[in-house]
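# Examination of the molecular architecture
Next come the chains, spelled out residue by residue.
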Amino acid sequence: MAGSYINTSLPDVSDRMLFAVPKKGRLYDQCLSLLNNIGIEFNRKPRHDIALVTNMPIALVFLPAADIATYVAKGNIDIGITGLDIIRESESENDVVELVRLGFGKCKLQVQAPAMDQRLVTAKDLVGKRIVTSFINLTRQRFAELEGVDDPNNIKTQVRFVSGSVEAACGLGLADGIVDLVESGDTMRAAGLHAVDTILDTESVLISNNHLRFPKLVDTIRQRVEGILAARKYVLCQYNIEREHLEKACRVASGRKAPTVTQLDQHGWVAVSVMIERKSLAAKMDELKEIGAIDILVLQISNTRV
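Within any chain, residue numbers begin from 1 and follow the written order of that chain's sequence. Under the rules for a predicted model, residues below a pLDDT of 70 receive no local features and side-chain atom pairs below 80 are neither given nor counted, while totals for whole chains, interfaces and linings still include all residues. For side-chain calculations, the full set of non-hydrogen atoms in the structure is used, while hydrogens and water are omitted.

Per an unreviewed UniProt entry, the protein chain carries the name ATP phosphoribosyltransferase and comes from Coemansia reversa. A UniProt comment under Catalytic activity (unreviewed entry) is attached to the protein chain, and it reads "1-(5-phospho-beta-D-ribosyl)-ATP + diphosphate = 5-phospho-alpha-D-ribose 1-diphosphate + ATP". Within the UniProt record for the protein chain, the comment given under Sequence similarities (unreviewed entry) is "Belongs to the ATP phosphoribosyltransferase family." UniProt positions are given in the numbering used here, feature names are shortened, and annotations may be inferred rather than shown by experiment.

What follows is the structure, encoded as structure tokens:
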């Protein structure tokens, strides 16, 4: 069980914060990249699921993503990275603290039905039928809502657990519909399925438990992660402009809080530094140029603290 696993496998890490990350799967590589970006240094031996961080009092524990929320909620692990879908499915949302949404691993938990069956257009059309999924709790909760039933265990829809290749269930005659995670939708379309309902929009989340042993260290990790996410989201834009046009320019690009304005040696001119979201950068530069900004430069932000 959760407690015995941690206690027997990690007898020498009582003075370290335990940080769980997915040991494989769709989140693994992106989690490793994030750990590298926030300055966590470690060497993981082959076939070992524990790695001691060399520059911080942290032990990384590599676990199945589906188990991380439960370990954190029960206090066996201090912080961890898992999917929002896993937190909700394990019914751990009241026992964990959501520190930061990480912006990767985004997908949708959807109800899917055979596209050729014109009788199955919405999720309500599957009420009372056979559904297979690896998300038993979320599926039962959704169909309880559709059936108007308070207790998800008293629904008439037949929900069965399948751990893998859920999309094949309808084609094999095992189910009338499925509930599964969908990223691009290509796999579902190839299986002849289409979405009839979205239960949850999910992504990776950094979480902690409610009883922190290392609150200062958890806060340090949170700040580092937020800094990396901000660096990915923003660039630093610098330009010169006449002071009489400064107010208009600041309305175009106001920054996270406010631009930094510095008086130039040339009378009536100022230099401005401002953080701008990458997705709107080109349009903002065009507007600033039109207002009268010159010498517009864009600098990449590799890291920050926000």
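## Quick notes on the sheet that holds strand β7 (residues 130-133)
For two strands to be treated as a pair, DSSP must find at least two bridges joining them. Strands here are runs of E lasting at least two residues and helices are runs of H or I lasting at least four, both read from the DSSP assignment and numbered beginning at the N terminus. Ordered by their spatial adjacency, 5 strands build an open sheet running β8-β7-β9-β6-β10, and the pairing between neighbours is mixed. The two strands at the open ends of the sheet, each matched to only one other strand, are β8 (158-161) and β10 (193-202). When the angles between neighbouring strand axes are averaged without regard to direction, this sheet yields 25°. Two strands pair when backbone bridges link them, and β7 and strand β9 (residues 177-182) are joined in this way by 3 bridges, in the parallel orientation. What counts as an axis is a line fitted to C-alpha atoms, over the stretch in contact for a helix, and the angles between N-to-C directions run from 0 to 180 degrees.

## Side note on the sheet that holds strand β1 (residues 17-22)
An order of β2-β3-β1-β4-β11-β5 is seen for the 6 strands of this open sheet, with the pairing classed as mixed. Only two strands of the sheet have a single neighbouring strand rather than two, namely β2 (50-52) and β5 (96-101). In this sheet, adjacent strand axes meet at a mean angle of 30° when their direction is disregarded. Between two residues, a contact is recorded if the distance between any of their heavy atoms is within 4.5 Å. Across the sheet, helix α2 (residues 28-37) lies against β1, β3 (58-63) and β4 (79-83), angled at about 140° from β1, the strand it touches most. Helix-sheet contacts for helix α3 (residues 65-73) involve β1, β3, β4, β5 and β11 (204-209), and the interaxial angle to β4 is about 140°.

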